[in-house]
Amino acid sequence: MDISSPAAFVNGGLLRMHVGRKVRTVLQVIRSDIASVMGKSTDGFQVVAKGSPPVPLTSYVEVIGVAENENTIRAELWTNFGDTFDGSNYDQLCRLANGEFKHLFL
């Protein structure tokens, strides 16, 4: 496990706080092509992940990469999370990881 460059847990609303840094998020896929995925974050924001998504692509995907701006991630790693996922739990994790318990995550 590489811990030299940890990825912050983010939802769509928290992405803007991490522009230029490595992040990880889970998206519900809205549409995709060979170079990007448009998805809905766990807090309802529309996020674009640029890069080559896996084939086949499931309904939920984790993306790890660099936040280019408040709604775009340049993806380095993709992980299919299946067709069912509890986004509210992940959203709460993101809030904790960027708030009161930030010191435990980075």
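Residues numbered from 1 in each chain as written. Predicted model: local features only at pLDDT ≥ 70, side-chain atom pairs only at ≥ 80, totals over all residues. Heavy atoms only, no water.

If you look the protein up in an unreviewed UniProt entry, it shows as Replication Protein A 3B from Hibiscus trionum. The UniProt entry for the protein carries the following text under Subcellular location (unreviewed entry): "Nucleus". (UniProt positions renumbered as here; feature names shortened; annotations may be inferred.)

Chemist: I would appreciate a short explanation of the overall build of the protein in the present structure.
Modeler: For the protein, the count of helices and strands is two helices and six strands. In the protein, the succession of α and β elements from N to C terminus is β-β-β-β-β-β-α-α. For 106 residues, the compact-globule estimate of 2.2 N^0.38 gives 13 Å, and the C-alpha radius of gyration of the protein, at 13 Å, lies within 12% of that figure. C-alpha extents for the protein along the principal axes are approximately 35 × 25 × 25 Å. Every one of the 106 residues in the protein was classed for burial, and the buried ones make up 37%. In the structure as shown, the protein presents an accessible area of about 6,100 Å², 53% of it carried by carbon and sulfur atoms. (Helix = DSSP H or I, 4+ residues; strand = E, 2+ residues; numbered from the N terminus. Rg over C-alpha atoms; globule rule 2.2 N^0.38 Å. Buried < 20%, exposed > 50% of the residue type's maximum accessible area, 1.4 Å probe, protein only. Areas by Shrake-Rupley, 256 points an atom, 1.4 Å probe, with all protein chains shown as cover.)

Chemist: Explain the pairing of strand E4 (residues 46–50) here, please?
Modeler: Taken residue by residue, a regular strand's side chains alternate between the two faces of the sheet. Residues Val 47 and Ala 49 of E4 are buried on one face, while the alternating residues Gln 46, Val 48 and Lys 50, pointing to the opposite face, are not. Between strand E3 (residues 36–41) and E4, which pair antiparallel in sequence order, lie four residues; one of them, Gly 44, sits at a positive phi of approximately 90°. In terms of strand pairing, E4 meets strand E6 (residues 72–80) through three bridges, oriented parallel. From the neighbouring strand, Ala 49 faces E6, where its bridge partner is Ile 73. (Pairing = 2+ DSSP bridges.)

Chemist: Help me understand the environment of Gly 20, please; the structure alone is not making it clear to me.
Modeler: Along the polypeptide, Gly 20 turns up in the loop between strand E1 (8–9) and strand E2 (22–33). Overall, the relative accessible area of 55% leaves Gly 20 in the exposed class. On a C-alpha basis, the gap between Gly 20 and Gly 65 in space is 9.7 Å, while along the polypeptide they are 45 residues apart. Beyond its immediate chain neighbours, meaning those up to four positions away, Gly 20 contacts Val 66 and Ala 67. (Contact = heavy atoms within 4.5 Å.)

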